[in-house]
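# Survey of secondary and tertiary structure
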Amino acid sequence: MAVAEISPCSYSRYQTLPANLSSTPLNAFHIPSFKRCRSPLQVRRPLSISCSVAPSQVQSPATAVPVLPADAANKQECYGVFCTTYDLQAEEKTKTWKSLISVVVSGAAGMISNHLLFKLASGEVFGSDQPIALRLLGSERSYQALEGVAMELEDSLYPLLREVSIGVNPYDLFQGAEWALLIGAKPRGPGMERAGLLDINGQIFAEQGKALNAVASRTVKVIVVGNPCNTNALICLKNAPNIPAKNFHALTRLDENRAKCQLALKAGVFYDKVSNVTIWGNHSTTQVPDFLNAKINGIPVKKVITDTKWLEQEFTESVQKRGGVLIQKWGRSSAASTSVSIVDAIRSLITPTPEGDWFSSGVYTNGNPYGIAEDIVFSMPCRSKGDGDYELVKDVVIDDFLRERIKKTEAELLAEKRCVAHLTGEGNAFCDLPEDTMLPGEM
């Protein structure tokens, strides 16, 4: 019989507040609460298995469940100012504030999160009257780095940041989450096939989808950043059947921002003069930056930029390959601009879309008006009333040039879907990717 030898877990209680708390001014404790959310069932060291039977006698491995103290769930670690608790309602300033929102960020010790977390904590994203609880999800390997991130957030003295939790178990950190920004994913290494990357990262997002389904708010909004983000978003939503598929997004906003930049440079205008830009399809080099429906100063781009060859070739390729060029120039991926695009994507959902304009997001295709295959996550033009929801834009033009390229990126996403069928509950996987396209920024 196989026996798992598990080292016992250790816990520490919350710091005790001063005995004379009732006589202590509330503003003395005007600081957030912090907790480390490592699951009591998680073990830091690998399990060691010892067997007393011959290999031929082994059937299925037994799952060992550690015996925990009865009050273990209430014994979580904490340190520093985040240990202090207080009555939020008793503070005068909070009377004009909104209710606390919980935002989970996976890959929280990474470079993208290093830029993003401080934007979230400062009020830049959700507003200067919106207190926020940040949940930082990482891995056992990155746990110490998560503590460092929490320390930096602690030292930044953000008044809106009321709580910071760190942990490695999505079932802990997704508890009641209203936003989930899923950044963490394995990068594509040398010699790795696209199918291999789909499988490795797909397993991560399948597990996170199950966790969201089990414990997150039923209205949680999910933005998938980890690549391949379109198919990872599909895997995630398929594993979260109790959450509306419409609530899941794959980030293509950085691609839209890059397209706006290139059009502005070519036309000799500033970025804010460029509108109605759409990225169609996959976040890969098959993506389609749409210049047909784009406008500059309210005028169709094709009437402002008459160089059709540039639009069809140089513009399209420069957007598709921008991430890779940046890596060649700088030696690192586009972490800062990616974090900005995540902020833009959130704001587009919580702020009404300007009249006549739209934004790009990778969303579920069921019911789309463009004739795109259903049951995939495909970047399309969206509008929002600012309530976190969106609707697809119907008044767009699709000519033969655009349609041909949309079909190519659609074929790639359908092939990726077949490649992860085992992770979406649709049978055995079959990988027949049309070509091994590189994701923007991959080497």
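Residues numbered from 1 in each chain as written. Predicted model: local features only at pLDDT ≥ 70, side-chain atom pairs only at ≥ 80, totals over all residues. Heavy atoms only, no water.

Right, let's get into the state of the cysteines. Tallied over the entire structure, the rule returns 1 disulfide. There is a disulfide in this structure between Cys419 and Cys431, and the S-S distance comes to 1.7 Å. Measuring handedness by torsion sign, the sulfur bridge of Cys419 and Cys431 sits at about 85° and is right-handed. Here Cys431 lies in the segment after helix H12 (421-424) and Cys419 lies in helix H11 (residues 400-419), a separation of 12 residues in the sequence. (Disulfide = S-S within 2.5 Å. Helix = DSSP H or I, 4+ residues; strand = E, 2+ residues; numbered from the N terminus.)

Glancing now at the pairing of strand S7 (residues 179-182). Residues of S7 alternate between two faces, with Trp179 and Leu181 on one and Ala180 and Leu182 on the opposite face, all of them buried. The sheet contact formed by strand S4 (residues 101-106) and S7 spans 4 bridges and is parallel. From the neighbouring strand, Val105 faces S7, where its bridge partner is Leu181. Pairing analysis gives 4 bridges linking S7 to strand S8 (residues 221-224), with the strands arranged parallel. Within S8, the position partnered with Ala180 by the bridge is Val222. (Buried < 20%, exposed > 50% of the residue type's maximum accessible area, 1.4 Å probe, protein only. Pairing = 2+ DSSP bridges.)

Two numbers describe how helix H6 (residues 253-267) lies on helix H10 (residues 335-350): the axes approach to 8 Å, and their chain directions differ by 105°. The orientation of H6 with respect to H10, classified from their angle, is roughly perpendicular. Where H6 approaches H10, its residues Arg253, Leu254 and Asn257 are matched on the opposing element by Ser337, Thr338, Ser341, Asp344, Ala345 and Ser348. Among the residues forming the contact of H6 with H10, the class breakdown is 2 nonpolar, 5 polar and 2 charged. (Axes fitted to C-alpha atoms, helices over the stretch in contact; angles between N-to-C directions. Parallel < 35°, antiparallel > 145°, perpendicular 65-115°, else oblique. Contact = heavy atoms within 4.5 Å. Nonpolar A, V, L, I, M, F, W, Y, C, P; charged D, E, K, R; others polar.)

Regarding helix H1 (residues 111-122), the residues found buried are Ile112, Ser113, Leu116, Leu117, Phe118, Lys119, Leu120 and Ala121. The inward-facing, buried residues of H1 abut S4, strand S5 (132-137), helix H2 (143-155), strand S6 (161-167), S7 and H10. Backbone geometry just after H1 places Gly123 at a positive phi near 95°.

Let us look at empty space enclosed by the protein. Picture a little ball the size of a water molecule; that probe, rolled over the atoms, points out where space is still empty. On inspection of all chains with the given rule, the structure shows 4 cavities of 30 Å³ or more. One number sums up the size of the largest cavity: a volume of about 70 Å³. Lining the largest cavity, in full, are Ile223, His249, Ala250, Leu251, Thr252, Arg253, Ala345, Leu349, Phe359, Ser360 and Ser361. Class assignment for the residues of the lining of the largest cavity results in 6 nonpolar, 4 polar and 1 charged. (1 Å grid on protein atoms, 1.4 Å probe; cavity = no way out; pocket = protein on both sides within 12 Å on 5 of 7 lines; lining within 4 Å. Points joined across faces, edges and corners; volume = space filled by probe spheres on them.)

Between its first and last C-alpha atoms H10 spans 23 Å; for 16 residues at 1.5 Å apiece the expected length is 22 Å, and the two agree. Among all positions of H10, only Ala335, Thr338, Ser339, Ser341, Ile342, Val343, Asp344, Ala345, Ile346, Ser348 and Leu349 are buried. As for H10, its buried residues are in contact with H1, S7, S8, strand S9 (248-250), H6 and strand S15 (359-364). (Expected span 1.5 Å × (residues − 1).)

On to the confidence of the model for the protein chain. Residues shown with low pLDDT carry predicted positions that ought not to be read at fine detail. Looking at the protein chain as a whole, its pLDDT mean stands at 82, while 76% of the residues score no less than 70. Low pLDDT, under 50, characterises residues 1-33; the stretch is placed with 67 contacts to residues that sit more than four places away or in other chains. Segment residues 37-79: pLDDT under 50, and 74 contacts once partners within four positions in sequence are set aside and those in other chains are kept. (pLDDT = per-residue confidence, 0-100.)

The subject of this paragraph is the packing of aromatic side chains. This structure, assessed with the given rule, holds 7 aromatic pairs. Where Phe270 meets Tyr271, the ring centres are 4.7 Å apart and the plane angle is 35°; that geometry is what we call tilted. Exposure remark for Phe270: the relative accessible area of 55% places this residue in the exposed category. Pairing Trp280 with Tyr370 gives two aromatic rings, centres 5.0 Å apart and planes at 90°, and the pair type is edge-to-face. Of this pair, Trp280 sits in strand S11 (residues 278-280) while Tyr370 sits in the loop between S15 and strand S16 (377-383), and the two are 90 residues apart along the sequence. Of the aromatic side chains, those joined through ring pairs into one cluster are Phe291, Trp310, Phe315 and Phe401. Its guanidinium or amino end placed over the ring of Tyr390, Lys246 lies 5.0 Å from that ring's centre, counting from NZ or CZ. (Phe/Tyr/Trp six-rings, centres within 6.5 Å; stacked < 30°, edge-to-face > 60°. Lys NZ or Arg CZ within 6 Å of the ring centre and 35° of its normal.)

With that settled, the discussion passes to the pairing of S15. A large share of S15 lies buried, amounting to 6 of its 6 residues. By the bridge criterion, 6 bridges tie S15 to S16 in an arrangement that is antiparallel. The residue bridging Ser360 from the neighbouring strand is Pro381, located in S16.

Once that is clear, we can look at the sheet that holds strand S13 (residues 295-296). Overall, antiparallel pairing links the 3 strands, which are arranged S10-S13-S14 in an open sheet. Across the chains shown, the open sheet's two edge strands, defined by having one partner strand only, are strand S10 (274-275) and strand S14 (299-300). When S13 meets S14, the two strands line up antiparallel, connected through 2 bridges. Bridge assignment links Ile296 to a residue of S14, and that residue is Ile299.

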